[in-house]
Amino acid sequence: MKNINWGKYSKPIILVVFIILLSILRPKAFLSLNNFSNVLWSVSVIGIMVSGTIFVFLIGGIDLSIATLCAFSAVVVVEVTHYLGDTPKAVAIGVAAALAVGLLAGLLHGIIITTFHIPAFLVTFATQSIFLGLAMVFTNNKIVSCTVPAFTAIGSRKILGFPMPVYFMIVIAVISWFVLRKTVFGRYVYAVGGNETAAAISGINTRRSAIMCYMISGLTTALGGIVLASMTQQASSSTGAGYTNDVITAGVIGGVSLLGGEGTVTGAIFGAVLMGLLNNGLNLLSVPSTHAGLVKGLVIIVAVAFDAMQHADQSRKKVKKVKKAQA
Amino acid sequence: MAGSTILEAKNIYKSFSGVPVLQDVHFEVKAGEVHALMGENGAGKSTLIKIITGVYSKDEGQIEWEGKPVEIRNYQDCQKLGVACIYQELSVIPPLTVAQNVFLGREPRIGPFINYAKMNKMTQELIDRYQFPLKPTTVVDNLGIGQRQLIEILKGLSQNSKLLIMDEPTASLSGKEAEMLFKIIQKLREQGVSIIYISHRLEEVYMLSDRLTILRDGKNAAVLEKEEIIPAKVIETMIGKVVDESAGSRKMLHSDDSAPVALDVKGLTDATDRFRNISFQVHKGEILGFGGLIGAGRTEVVRAIYGIDKAAAGEVTLDGKKLSPSPKASIRAGIGFVPEDRRNQGFIPLLSTTKNVALTNYDIVKKNGLAISDGDELDMSKRAIQAIDIRPSDPDKQVGVMSGGNQQKVVLGKWLMRDLKLLIVDEPTAGIDVGAKDEIYSILEKLASEGVAVIVVTSDLQELLRVSHRILVMRKGDIVREFKNEEVTQSKVLAAGQGVTEEEAK
C-alpha cells in the first residue's frame, strides 16, 4: 500500500467511483447516450475556455476577466450579426470580430502585465470591469437575441448524436494538448512557469511567451462566449456569469497548479467533465440546488487534497533522498 | 579603553548532519571594543554568530554574558541580554518615520494612543548622544541604505544593547555611506558599546578593529591584538600555512597567447556603476579565472557579456563578430552560461532532466513540422547523462529532487550538447560535493583542450588556482591585477582582491 501513489490516480478513481455510484442509483436516466451527450454539451464551454486559459495558469498567471470577456464577445457576435443583416456571412464576420476582441483583450493583458510588472490578478480584475462595462454599453444593458439559423447551429446542431460544441471542445483541447505537449512554445510555457529567471537565462523570451499565453486565453474565452450565445440564442452583460470560477475550478480539480509550471490539458478537461457529471448527478438524484453548492465544494476539496497528498509524497521522497546523500 | 569581558563563548562545538562546522571554538568580546571576526567562506563565522544570537543551538560548550553562564534559546533571549544584530538586508519599514521604526512595537503610550512627542524626543536623545546624521520625523522611504542601517543600529541602542553584531555592514554601502558608518562605530566604541564586526574587507578590519579572531575550517586559527593585525599575517592565518605549502595553493600559470582570440571585451561599463571600463580577451582553449571578493563585480561582468543585463557602454565580440546583448543571441553565437545561483537561475525544478537539457537546444532537436521529436529529445538527454554522469540516470527524473551536484551537472550538461565557442561558469561548484567538483573540473579542462574558451568566476581560491590558465582579479568594479605566466599563490590573489599590495602584505 505504501508504494502506491494515490495522488497520481486520484482523478480516474474519483471519476470511476462517481460513475459507478450514479449507474447504481439512477441506471436508466444516467446510462443513456442522450444524458452523456447532455453532460458533455453542458461542460463544452468550460472545456473550450480552460483549454486556452490553462496557458495562463501554466505561466503562473491568472485571468479574472473570463466571465465578462465571455459576455462582451457574446455581445459582439450577436450585435455585429444584427448590424450586418443577419445573413450567414454576417454570422461569419460577427464570429471573426468576437474572436478578434478576445485576441486583443489577451494582448492588452499580456502587454500591461509584462510592461508594468503588475500582478495578473490586479490587471484582469480591472479589465473584468471594463469588459462588463463594454458589454453593457453595446447592449444598452438589455438582452439581445439572435435566432439566425447559421448562428444557432454553432451551439445546438447535432452530428452523430453529439452537439457541435462538444466537437469544438475536443478540437480545441487537442490543439491545446498538441501545442503544450509537442511544440517548442509549449516547452517554453512550462519552463517560464517553473522558473522564469532560469528560462530567461536559457534564452527564452519570457515576455513574448507570457503575452502569447494571454492571447490564447483571450481567444478561447471569446470562442466560449460565441458558443454560449449560440446555445442560448442571446447575449447580455450577464452571459457567462460565474464562468471565471468554473474555469479556474475545472483547472484546479484537474491538477493545474495556479503557481505555474504544472498541469495538463487532459487534467483540465477532466476537471470540467467531473464538474459537469457532478451537476448532472446532483440533478438526477434530485438534490435541491440549495444543497448542490455544498456537495460541489466538498468534491473540490477532496480532489485538491489528493493533489496536495501527491506533492507531500514527492517532498517526503526528496527529504529521504537528501538524507541518504548526506549519509 | 577596552574593559572587562562582556561575552565569552567557550569550547563551542556544532555539527550539521554529522559534519563538524565548529570545533572547540573560543570567542571573547570585551566591553567597548570592536572585535573583528574573519575567515574564508565556510570557516564557520556565521554559524558562530547564529549560535550567539540563538538561531542555532550549540552541540557543546558554554556562553557567558558578563561572567555568568547564560542559555540563549532564541533571538529574544539574546536581545534581553543586550545583544543586537544589525542585518544587512534591513528590516526597517519604509513608510514609517525614523522614530516609528526605532520604537516599533515598543511605542511610548498615553492610554491606548502612541505618544509621538515622547517617542520623537527619545529618538532625538539617542541621535544626539551618538551624533547620527538622522532626524526622528524623516520618513524612511526617503533615506539611503546607509542611513537605514543606522536606524537598525539606533533600534539596538534604544534597547540598551551593549553588543552590536554587524555582518558585512558595508557590503551594500557607497564609499561615503561607509565613511559615515565608520565614524558612528568610533562614537559607539567611545561610549562603551562593543561591536562584533564581520567582514571580508581587510582594509576595514585594519582600520576599525581592536582585536581580531580568525576562524579556519571551524576552528580558532588566531586571536590577534591590534598591533598584531598585519595584512600578511592575517591572510596567512586565514588560508593556513599548512595549506599554503601544499599543491593547491600555488601554481605556475601558463597561457598561450598565440591561440586565436575567442572573446574580446572592450570598455564594458555597467549602467549602475557596478563595474566600469572592463576590457580583456579570452583565447581559444584558454581557461580564464576571475578572482576577487564577493561583490567585486565579477558576476555582473559575465552577466553583461552573456546579455542578461545590458551594459551602458562597451563592445563584446566573439570570433570577431559583434554580439548583441541577449541570452538568445549569445546562445546562437556559441556561448554557454552556468549561473551563480543554481536553484533560482539554473534549472526548472519541476521539469525532468530531459526537458532541462533540451531547453536551450530546441534549435538543434529534430522536429516533424511543428512537433518536437520526443525520441531525439530523449536521445540528447541520454547523451548528456552519459557525458557528465548525471545521477539518477533516469531522464524523466525531476531535477528539483536531485542532489546539488547532479543539478549542476544538468545545468552544465545542456551546454555540452551544442557546439560551444565560449563557456562561462559562475561559482561552478558552490555547495556541491568533492567528487562532483572533480568531475566538473575535468569537463572544463576537456572543453578547453577541444578549443573552447572558458571563463570561470569563483570565490574558492583553491578552485581558481586549480583550473585557471590565467587569472584576472577584480576589486570594486575594476580589473586590478592580471596573473599570467607567473607563479601565483592564494595569498597573492587574496591580497589583490582586497586592495592590499603584495609589498604591504609582506
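Thresholds applied
- Position labels on residues start from 1 in each chain and follow its written sequence.
- Here the convention is simple: chains get letters from A, ligands get numbers from 1, in the order in which they are written.
- pLDDT decides what is reported in this predicted model: residues at 70 or higher carry local features, side-chain atom pairs at 80 or more are listed and counted, and totals for whole chains, interfaces and linings draw on all residues regardless.
- To obtain the side-chain values, all non-hydrogen atoms of the structure were included, while hydrogens and water were left out.
- Paired strands, in this sense, are two strands between which DSSP finds at least two bridges.
- Secondary structure is summarised from DSSP: a helix means a run of H or I of at least four residues, a strand means a run of E of at least two, and numbering begins at the N terminus for each.
- Axis angles are defined between N-to-C directions and span 0 to 180 degrees, where every axis is a line fitted to C-alpha atoms and, for a helix, only to the segment in contact.
- For every residue, the predictor reports its confidence as pLDDT, a number between 0 and 100.
- Here a residue-residue contact requires only that any non-hydrogen atoms of the pair lie within 4.5 Å.
- Remark: exposure states derive from per-residue accessible area (1.4 Å probe, protein chains only) relative to the maximum for the residue type, with buried under 20%, exposed over 50%, and partly exposed in between.
- Any Lys or Arg side-chain nitrogen found within 4 Å of a carboxyl oxygen on Asp or Glu counts as a salt bridge.
- Residues enter patches when their relative accessible area tops 30% and they take part in no salt bridge; the joining distance is 9 Å for like charges and 5 Å for the nonpolar side chains Val, Leu, Ile, Met, Phe, Trp and Tyr.
- For accessible areas, the Shrake-Rupley method is used with a probe of radius 1.4 Å. Any residue's cover is judged against the shown protein chains and nothing else.
- Joining through side-chain atoms within 4.5 Å is the link that ties buried Ala, Val, Leu, Ile, Met, Phe, Trp, Tyr and Cys residues into a set, and such a set is a nonpolar core.
- Only Phe, Tyr and Trp rings take part, Trp by its six-membered ring, and two of them pair if their centres are within 6.5 Å. Stacked means planes under 30 degrees apart, edge-to-face means over 60, and tilted covers everything else.
- An expected span of 1.5 Å times one less than the residue number is assigned to each helix.
- For any pair of parts, buried area is found by adding up, for both, the accessible area (1.4 Å probe) each one loses once the two are put together.
- Pairs of N or O atoms are called polar contacts if they sit within 3.5 Å, as long as, within protein, a hydrogen donor faces a hydrogen acceptor (for residues adjacent in sequence, only side-chain-to-side-chain pairs).
- Ten residue types, Ala, Val, Leu, Ile, Met, Phe, Trp, Tyr, Cys and Pro, are classed as nonpolar, four, Asp, Glu, Lys and Arg, as charged, and the remainder, Gly among them, as polar.
- For this text, the term disulfide refers to a pair of cysteine sulfurs within 2.5 Å.

Draft legend 1. Fine view of the sheet that holds strand β6 (residues 83-86) of chain B. All names here are of chain B. Reading across the sheet, the six strands line up as β6-β9-β10-β3-β11-β12 and stay open at both edges, with mixed pairing between neighbours. Looking at strand neighbours, the two that pair on one side only are β6 and β12 (219-225), the edges of this open sheet. Strand-to-strand twist of the sheet, defined as the mean angle between neighbouring strand axes without regard to direction, takes the value 20°. Pairing geometry for strand β11 (residues 211-216) and β12, over six bridges, is antiparallel. Residue Ile 214 lies in a different strand from β12, and its bridge partner there is Ala 222.

Draft legend 2. Region of the structure containing the confidence of the model for chain A. Of the residues in chain A, 91% reach a pLDDT of 70 or more, and the chain-wide mean stands at 89. Scored below 50 in pLDDT, residues 321-327 of chain A makes three contacts in the model with residues more than four places away or belonging to other chains.

Draft legend 3. Structural view of unusual backbone geometry. With omega at -5°, the peptide bond leading from Arg391(B) into Pro392(B) counts as cis. A positive phi angle is found at Asn140(A), which is not glycine, with a value near 55°. Tracing the chain through its elements places Asn140(A) in the loop between α6 (120-139) and β1 (144-145). Phi angles above zero are rare outside glycine, and Asp217(B) is one such case at about 50°. Looking at where Asp217(B) falls in the secondary structure, it is placed in the loop between β11 and β12. For Asp217(B), a relative accessible area of 58% gives the class exposed.

Draft legend 4. Local environment of the pattern of salt bridges. Scanning all chains against the criterion turns up 33 salt bridges over all chains. Its salt-bridge partner being Asp374(B), residue Arg181(A) comes within 3.1 Å of it at the nearest N-O pair. Taken together, the residues span two chains, with Arg181(A) in helix α8 (residues 164-182) and Asp374(B) in helix α14 (residues 374-388). Looking at Asp374(B), the relative accessible area reads 24%, which means it is partly exposed. Residues participating in the shared-partner salt-bridge network are Arg181(A), Lys182(A), Arg187(A), Asp374(B) and Glu377(B).

Draft legend 5. Quick peek at a nonpolar patch on the surface. Nonpolar side chains collect at one region of the surface, where Val16(A), Ile20(A), Leu21(A), Ile24(A) and Leu25(A) lie side by side and expose about 470 Å² of accessible area between them. Residue position: Leu25(A) is located in helix α1 (residues 6-25).

Draft legend 6. Broad picture of the nonpolar core. With 158 residues, the main nonpolar core has Phe151(A), Leu263(B), Phe280(B), Ile305(B), Leu423(B) and Ile455(B) as its most contacted residues. Sort the elements by how many residues they give to this core and helix α3 (residues 33-58) of chain A lands first, with 13 residues. Leave out the neighbours within four places in its chain, and Ile455(B) touches Leu263(B), Phe280(B), Val282(B), Leu288(B), Phe290(B), Val302(B), Leu422(B), Leu423(B), Ile424(B) and Val425(B). Residues Val34(B), Leu126(B), Tyr130(B) and Leu208(B) belong to the second largest nonpolar core, which totals 34 residues.

Draft legend 7. Region of interest: the sheet that holds strand β15 (residues 278-283) of chain B. Residue and element names in this part refer to chain B. An order of β15-β14-β17-β18 is seen for the four strands of this open sheet, with the pairing classed as antiparallel. Each having just a single partner strand, β15 and β18 (321-322) make up the two edges of the open sheet. Relative to β18, strand β17 (residues 313-318) runs antiparallel, the two being bridged by two bridges. Bridge pairing in β18 links Thr 317 to Lys 322. Contacts from helix α10 (residues 298-306) reach β14 (261-269), β15 and β17 within the one sheet, and its direction differs from that of β14 by about 115°.

Draft legend 8. Structural detail: the packing of aromatic side chains. Under the counting rule described, the total for this entry stands at seven aromatic pairs over all chains. On the numbers, 6.2 Å between centres and 15° between planes, the contact of Phe55(A) with Phe185(A) is stacked. Residue Phe55(A) is found in helix α3, and its partner Phe185(A) is found in helix α9 (residues 184-194); the two are separated by 130 residues along the sequence. Aromatic side chains Tyr130(B) and Phe132(B) sit 6.2 Å apart centroid to centroid with 70° between the ring planes, which places their arrangement in the edge-to-face category. Under the relative-accessibility criterion, Phe132(B) is labelled buried at 5%. An aromatic cluster is defined as three or more aromatic residues linked by ring pairs; in this entry it consists of Phe72(A), Phe131(A) and Phe138(A).

Draft legend 9. A look at helix α4 (residues 66-83) of chain A. All names here are of chain A. End to end, α4 covers 25 Å across 18 residues, agreeing with the expected 26 Å (1.5 Å per residue, within 8%). Within α4, 14 of the 18 residues are buried, which leaves the element mostly enclosed by the surrounding structure. Directly after α4, the chain includes Gly 85, whose backbone phi takes a positive value near 95°.

Draft legend 10. Representation of the interface of chain A and chain B in the model. Each side of the interface is counted separately: chain A has 27 residues, and chain B has 33 residues. Roughly 2,300 Å² of surface becomes buried between chain A and chain B when both sides are summed, with 59% attributable to carbon and sulfur atoms. There are nine residue pairs in polar contact (both at pLDDT 80 or more) connecting chain A and chain B. Secondary structure elements with two or more residues in the side of chain A that touches chain B: α8, α9, α10 (196-201) and α14 (289-326) of chain A. Top contributing element to the side of chain A that touches chain B by residue count: α9(A), with six residues. In the side of chain A that touches chain B, the residues fall into 10 nonpolar, 10 polar and seven charged.

Draft legend 11. Representation of the pairing of β6(B) in the model. Residue and element names in this part refer to chain B. Going residue by residue along β6, you find Val 83 and Cys 85 tucked away on one face and Ala 84 and Ile 86 tucked away on the opposite face as well. Where β6 meets strand β9 (residues 163-167), four bridges bridge the pair, whose relative direction is parallel. The partner of Ala 84 across the bridge, within β9, is Leu 164.

Draft legend 12. Inspection of helix α1 (residues 45-52) of chain B at higher detail. Residues and elements named next belong to chain B. Of all eight residues in α1, six are buried, a share of seventy percent or more. Considered for burial, the residues of α1 that qualify are Lys 45, Thr 47, Leu 48, Ile 49, Ile 51 and Ile 52. Where α1 terminates, the next one or two residues include Gly 54, which has phi positive at roughly 80°.

Draft legend 13. Just the state of the cysteines, in detail. Enumeration over the complete set of coordinates arrives at zero disulfides over all chains. Cysteine Cys85(B) is unpaired, with the sulfur of Cys78(B) as its nearest cysteine sulfur at 7.1 Å.

Draft legend 14. The arrangement of the environment of Ile51(B) in detail. Residue and element names in this part refer to chain B. By the element assignment, Ile 51 lies in helix α1. Ile 51 sits in the buried class, given a relative accessible area of 2%. The sequence separation of Ile 51 and Ile 151 amounts to 100 residues, and the corresponding C-alpha distance is 24 Å. Residues contacting Ile 51, with those up to four places away along its chain left out, are Ile 12, Lys 14, Leu 22, Tyr 56, Lys 58 and Ile 63.

Draft legend 15. Representation of the pairing of β17(B) in the model. Residues and elements named next belong to chain B. Sheet analysis places β14 next to β17, joined by five bridges and oriented antiparallel. Following the sheet pairing, Lys 266 is matched in β17 by Glu 315. Hairpin connection of β17 to β18: two residues between the antiparallel strands, including Asp 319 at a positive phi of 50°.

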